[in-house]
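# Structural overview
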Amino acid sequence: MIIKIKILSQCPNCKGEKYLPAGMDVDYKGEKYQRYLPCRQCRGSGLSGKWINLFEFQQLLAQVECPHEHVVSSGGLNISEAGLVDTIELTCSDCEKQLD
């Protein structure tokens, strides 16, 4: 049995731009401007449906793992009977994972 999942990915025709140049036109002032029309393949959404198997889905999930770019620190250095104790905790504000 093969299990497939439908995902939305970037439209291959417009590369996610949604609208494509459709030629030059002239406005009411007589100035030329570039006209754009929605992509015919994705109808202006910039997305395209694609069926993938579970192995490909697992690879995509690994690629989008959180890079932990936004880290918040809490706690500090405390003095106790044992001496100076470090209670600083780092947490990713994007995925809320505790970092070492």
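What counts and how
- Residues numbered from 1 in each chain as written.
- Predicted model: local features only at pLDDT ≥ 70, side-chain atom pairs only at ≥ 80, totals over all residues.
- Heavy atoms only, no water.
- Helix = DSSP H or I, 4+ residues; strand = E, 2+ residues; numbered from the N terminus.
- Rg over C-alpha atoms; globule rule 2.2 N^0.38 Å.
- Buried < 20%, exposed > 50% of the residue type's maximum accessible area, 1.4 Å probe, protein only.
- Contact = heavy atoms within 4.5 Å.
- Areas by Shrake-Rupley, 256 points an atom, 1.4 Å probe, with all protein chains shown as cover.
- Lys, Arg positive; Asp, Glu negative; His and termini not counted.
- Charge placed at Lys NZ, Arg CZ, Asp CG, Glu CD.
- Disulfide = S-S within 2.5 Å.
- pLDDT = per-residue confidence, 0-100.

### Thoughts on the overall build of the chain
Secondary structure summary: the chain contains one helix and nine strands in total. A compact globule built from 100 residues should have a C-alpha radius of gyration of about 13 Å, whereas the chain, at 25 Å, is more than 25% larger. Taken over the C-alpha atoms alone, the chain extends approximately 80 × 55 × 10 Å along its principal axes. For the chain, the proportion of its 100 residues judged to be buried stands at 11%. Summarising the internal contacts of the chain: among those between residues at least 6 apart in sequence, 44% fall at separations of at least 24. Carbon and sulfur atoms form 52% of the exposed surface of the chain, whose accessible area is close to 8,600 Å². Counting 11 positive and 13 negative side-chain charges, the chain places the centres of these two groups 23 Å from one another.

### Comments concerning the environment of glycine 76
Of note, glycine 76 is situated in the loop between β5 (71–74) and β6 (77–80). Distance from glycine 76 to glutamate 89, taken between C-alpha atoms, is 8.2 Å for residues 13 residues apart in sequence. If sequence neighbours within four positions are ignored, glycine 76 has contacts with Val85, Asp86, Thr87 and Ile88.

### With respect to the state of the cysteines
In total, this model carries zero disulfides according to the counting rule given. Looking at the unpaired cysteine 66, the closest cysteine sulfur is the one in cysteine 92, lying at 3.6 Å.

### Description of the environment of leucine 84
Within the secondary structure, leucine 84 sits in strand β7 (residues 83–86). Using a relative accessible area of 63% as the deciding quantity, one classes leucine 84 as exposed. In this view, leucine 84 contacts Leu77, Asn78 and Ile79; residues no more than four positions away in its chain are not counted.

### A word on unusual backbone geometry
Unusually for a residue other than glycine, lysine 18 sits at a positive phi of about 75°. Its place among the elements puts lysine 18 in the loop between β1 (4–10) and β2 (19–26). In this structure, glutamate 96 takes a positive phi of about 65° despite not being glycine. Residue glutamate 96 is classed as exposed on the basis of its relative accessible area of 64%.

### Some remarks on the environment of cysteine 92
For cysteine 92, the location among the structural elements is in strand β8 (residues 89–92). The spacing of cysteine 92 and cysteine 66 is 26 residues in sequence and 8.9 Å in space, taken between C-alpha atoms. Aside from chain neighbours lying at most four places away, what touches cysteine 92 is Cys66, His68, His70, Val71, Lys97 and Leu99.

### Points about the confidence of the model for the chain
Mean pLDDT over the chain stands at 89; residues scoring 70 or higher make up 100%. Here β6 stands out as the element of the chain with the lowest mean pLDDT, 81, in contrast to strand β3 (residues 32–38), whose mean of 95 is the highest.

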